[in-house]
Amino acid sequence: MKLASDNFLQEASAALNAPEKVARRNLLGQFLPLARDSAASKYGDFDALRAHMKRVRRHTSEHLSHYLQQFEEAAVQHGNQVHFVADAEQLNSKVLSICQAHSARRVAKGKSMVTEETGLNELLLKAGLEVLETDLGEYIIQQAGETPSHIVGPAFHKSLAEIRQLFLDKHKLGERGLETASEVVEEARGILREQFLAADVGIIGANALVAEHGTSMLVTNEGNGDLCANLPPVLIVCTTFERLLPRAEDAMALQRLLVRSATGQPQTCYTSFYSGPRREDDPDGPLETHIILLDNKRSDILASDYREILDCIRCGACLNHCPIYIGVGGHPYGWVYPGPMGSVLTPLLTSLEQAHALPNACTSCGRCAEVCPANIPLPDLLRDLRQDESVQRIKPARWRHGLRLHAWLLRHPALYQRFTGWAMRLLGWLGKRRGAFRRMPFASGWTGQRDFPAPEGGGTFMGQYAARRRRGVRRG
Amino acid sequence: MAESARAQLLARLRAQETETEPEEIAHALAALGHAQAARAPHPDVHTAFLANILANQGTVELARDRGAAVQAIGRYLYQRFRTHKLVAGNDPRLAAMPWRDGGVLPRFGVAEAGDAAALSYAKLGVAETGAIVTFTGRANPGRNNLLPEDHLVLVNREDVVSTLEEAWVRIRQDTQAGSWPRGIQFIAGPSSTADVEAQLVLGAHGPRRWHVILVGDTPTSAVDAARESLATAPF
Ligand code: SF4
């Protein structure tokens, strides 16, 4: 997928000016956290589960080479072909060569963020293959020629009316109502069903790789990934090495965290462990299976201070709880992964130079870290990226000088207090008549949506605090 | 190329790791223990199982024995599809059921695109999540879980375990003798999607309905108790 993160600010402003979409995102921003909270409290001690998973992750990443080899050995024994690829290009050409070896024409894909990352579809289409996304959300945006706006619900940005119009345009099925979500789903079901049955190759991702059994775990509600894994004669699993976990029980613990954080369910409809091609007297299943393990800078991240972002299980909770994500939606982030996790991952997987706007799209409110089931200190990682941005002089000079000035002021509390006191008095005097400002220089982003309240007098907090203490001391 | 990517990755990983003997790693792993299961909606494991199936948008029924199960299946098929036909895997347990008594006409094999209903005999039921577990193979082809409109599942009372960890203890026992199955599937509800405006719609790509029949001597009050435990759930 092409990177367009350097337009974040412009795209974000544009997104804020579409009131209907803003309202729908606000609803999601209320509904999804409620679902997550209810599921987490129904579970019991969710924080203990998070802490357990963190320990398992630490252990796994400390012995990753061991578990990787254990996985590979078991997977090969099951009859899989395991391929290691270093970057996006290698993954794409590996998939293409497998498809070509089978003279495949039709590819059915389950949801896979990894292949979004590598831009696989584009290459396959160019090579003349038909590629069909089968996750309903992915299917909708594929038909619309758009990119995902959310890692769990890729088409959350589209209204029912928009999807209806899209289907009326794309599916030549004559007059029909298509007025409810059920009717829309029904139509997609009919169309995709035929495609599943006709596909030559199925491609899926993995939510976890179980080292002890050489299996990959797939977690879905629609069952589309399972159809991709069961119907076509060739199956390709595209995944990354940091999905590895030692035991099946660890994958179950991950699944407990994942579904509650993502949708608020106790378990998704389908949780499948696939081990390889069909067995000798199996009546169905793929005849050939491939597992492609992508690195794409992940081993660099593992060796850096940002390694904790590799614990991410792609639940989307940090998106749903982020005021910036809910405010502007996923598209301004300009790549595959939006929201807090995307603001950390995108600069690391692409370059900080191109994606430096993203770590700045943060209010440091800390809600993401509060809910992240993988206990990733997202605000800290974002701050460190901003620090790198400053040190590497990627941040625009005006910002850097501004920040330096601010830092200098902060180190001189007396001056800081005097300066803020003046500013306050000035603002209080200027805004005395209305009690608020409709417009302000340097702050049009704020005043575009709401008025800026004028200070009410009485001085700064520190000023009032000092005054009270003096009074208190006198009284005491 | 592929070989070098592998060697490169392993070398990079090893450079980060302190060398440890496999036994030591296994020891450290065992010391981590396992996670806690989710809180159960009811202290009785079978009632909790039924309650969670209902919470997953499934439907439940009790059958004293396999004869009663056949009757239940016959009624279900007639009510839903006005049919007696059913597809089921080559599971010896299914083959031995008194189909004629219930007027059911099973076809043993792989589900095809037009099949209305498929029946599986689950290996396990998991109370914690209201899931059933099947292995792909002759006894239960993978397609049978996915292609039909309705998926009917039989589970023996004694095969219901309380947690996901217990499920894996059983799965390991069951796979020790034979070879590892191609697919192990935990199914917890009819196929569903929330991709259109976050509204839940059943019957996305797979079955629209999911009907679980618990086989064995379960008191009929268990279903009511399951419903009640859902209605009075604290959240
Ligand atoms: S960073 Fe945490 S909250 Fe965000 S998607 Fe990953 S696991 Fe979920």
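Keep in mind that this is a model prediction, so the values were computed, not measured.

## Points about the overall build of chain A
Next, step 1: In terms of helices and strands, chain A carries 23 helices and twelve strands.
Next, step 2: In terms of overall dimensions, chain A has a C-alpha envelope of 90 × 60 × 45 Å along the principal axes.
Next, step 3: Restricting to contacts in chain A with at least 6 residues of sequence separation, those with at least 24 account for 72%.
Next, step 4: In the structure as shown, chain A presents an accessible area of about 20600 Å², 54% of it carried by carbon and sulfur atoms.

## Here we look at the domain arrangement of chain A
Next, step 1: Looking at the assigned domains, one finds that chain A contains domain 1 (1-44 + 314-393), domain 2 (48-296) and domain 3 (399-475).
Next, step 2: Between the C-alpha centres of domain 1 of chain A and domain 3 of chain A there is a distance of 29 Å.

## Concerning the side chain of Asn156(B)
Next, step 1: Tracing the backbone through its elements, the reader meets Asn156(B) in strand β7 (residues 150-156).
Next, step 2: Beyond its immediate chain neighbours, meaning those up to four positions away, Asn156(B) contacts Arg66(B), Arg93(B), Tyr121(B), Leu214(B) and Val215(B).

## Some remarks on unusual backbone geometry
Next, step 1: Unusually for a residue other than glycine, Ser103(A) sits at a positive phi of about 50 degrees.
Next, step 2: One can find Ser103(A) in the loop between α5 (88-101) and β2 (106-109).
Next, step 3: Phi angles above zero are rare outside glycine, and Ala198(B) is one such case at about 55 degrees.
Next, step 4: Take Ala198(B): it is sitting in the loop between β10 (192-193) and β11 (201-202).

## Remarks on the site of the ligand
Next, step 1: Residues in contact with the ligand amount to 13 residues; listed here are only the nearest, Cys312(A), Cys315(A), Gly316(A), Cys318(A) and Cys372(A).
Next, step 2: Grouping the amino acids of the shell around the ligand by side-chain chemistry returns eleven nonpolar, one polar and one charged.

## A word on the packing of aromatic side chains
Next, step 1: Evaluated as defined, the whole model comprises nine aromatic pairs over all chains.
Next, step 2: The interplanar angle of 65 degrees and the centroid separation of 5.2 Å between the aromatic rings of Phe8(A) and Tyr333(A) together place this pair among those described as edge-to-face. Taken together, the positions of Phe8(A) in helix α1 (residues 8-16) and Tyr333(A) in the loop between α15 (323-328) and α16 (339-349) put the pair 325 residues apart, joining distant regions of the chain.
Next, step 3: For Phe8(A), a relative accessible area of 5% corresponds to the buried category.
Next, step 4: Tyr333(A) sits in the buried class, given a relative accessible area of 0%.
Next, step 5: Each member of the aromatic cluster is reached from another via a ring pair, and the members are Phe8(A), Tyr325(A) and Tyr333(A).
Next, step 6: Above the ring of Tyr78(B), the side-chain terminus of Arg82(B) is found at 4.7 Å from the ring centroid.
Next, step 7: When the ring centre of Tyr121(B) is taken as origin, the NZ or CZ atom of Arg93(B), which lies over that ring, is 3.9 Å away.

## A short note on the pattern of salt bridges
Next, step 1: Within this structure, the stated rule accounts for 35 salt bridges over all chains.
Next, step 2: Among the salt bridges present, the one from Arg164(A) reaches Glu179(A), with a minimum N-O distance of 3.6 Å. Of this pair, Arg164(A) sits in helix α9 (residues 160-170) while Glu179(A) sits in the loop between α9 and α10 (181-198), and the two are 15 residues apart along the sequence.
Next, step 3: Of the residues examined, Arg164(A) reaches a relative accessible area of 23% and is grouped as partly exposed.
Next, step 4: Its salt-bridge partner being Arg189(A), residue Glu149(B) comes within 3.3 Å of it at the nearest N-O pair. Note that Glu149(B) is positioned in the loop between α7 (142-146) and β7 and Arg189(A) in helix α10, a pairing that runs across two chains.
Next, step 5: Assessed through its relative accessible area of 25%, Glu149(B) is described here as partly exposed.
Next, step 6: On the accessibility criterion, Arg189(A) (5% relative accessible area) is buried.
Next, step 7: Connected through shared salt-bridge partners, Lys54(A), Arg58(A), Glu308(A) and Asp311(A) make up one network.

## Looking at the sheet that holds β7(B)
Note on sheets: strands pair through backbone hydrogen bonds, and any given pair is parallel or antiparallel.
Residue and element names in this part refer to chain B.
Next, step 1: In space, the six strands of this open sheet follow the order β1-β12-β7-β4-β2-β3, with parallel pairing throughout. Two strands bound the open sheet, and with one partner strand each, they are β1 (59-63) and β3 (105-108). Neighbour-to-neighbour, the strand axes of this sheet turn through a mean angle of 25 degrees, independent of strand direction.
Next, step 2: Note that β7 and strand β12 (residues 209-215) share seven bridges and pair parallel. Each residue of the ladder has a partner; that of Asn156, found in β12, is Val215.

Cut-offs used in this document
- Every chain is numbered on its own, with residues counted from 1 as its sequence reads.
- Whichever chain is written first becomes A and whichever ligand is written first becomes 1, with later ones labelled in order.
- Local features in this predicted model are restricted to residues whose pLDDT is 70 or higher, and side-chain atom pairs enter the listing and the counts only when it is 80 or higher, whereas totals over whole chains, interfaces and linings include all residues.
- Just so you know, side-chain values use all the structure's heavy atoms and leave hydrogens and water out.
- Going along the chain from the N terminus, every DSSP run of H or I of four or more residues is numbered as a helix, and every run of E of two or more is numbered as a strand.
- By the convention used here, residues are in contact when the closest approach between their heavy atoms is within 4.5 Å.
- Here the accessible surface of atoms and residues is derived via Shrake-Rupley with a 1.4 Å probe, and residues count as covered only by protein chains that are part of the display.
- An automatic or database domain assignment supplies the start and end points of every domain.
- Residue proximity to a molecule or strand is established when one non-hydrogen atom of the residue lies within 4 Å of it.
- Any residue that is not Ala, Val, Leu, Ile, Met, Phe, Trp, Tyr, Cys, Pro, Asp, Glu, Lys or Arg is counted as polar, Gly included; the first ten are nonpolar and the last four charged.
- A pair of Phe, Tyr and Trp rings is counted when the ring centres sit within 6.5 Å of each other, with Trp represented by its six-membered ring. The angle between the planes then sorts it: under 30 degrees is stacked, over 60 is edge-to-face, the rest tilted.
- Each residue gets one of three labels from its accessible area relative to the maximum for its type: buried under 20%, exposed over 50%, partly exposed in between, using a 1.4 Å probe on protein chains only.
- By the criterion adopted, a ring carries a charge over it if an Arg CZ or a Lys NZ lies within 6 Å of its centre and within 35 degrees of its normal.
- A carboxyl oxygen of Asp or Glu within 4 Å of a side-chain nitrogen of Lys or Arg is what we treat as a salt bridge.
- Pairs of strands are assigned from DSSP output, requiring at least two bridges between the strands.
- Only the stretch in contact is used when fitting a helix axis, every axis being a line fitted to C-alpha atoms; angles between N-to-C directions are given from 0 to 180 degrees.

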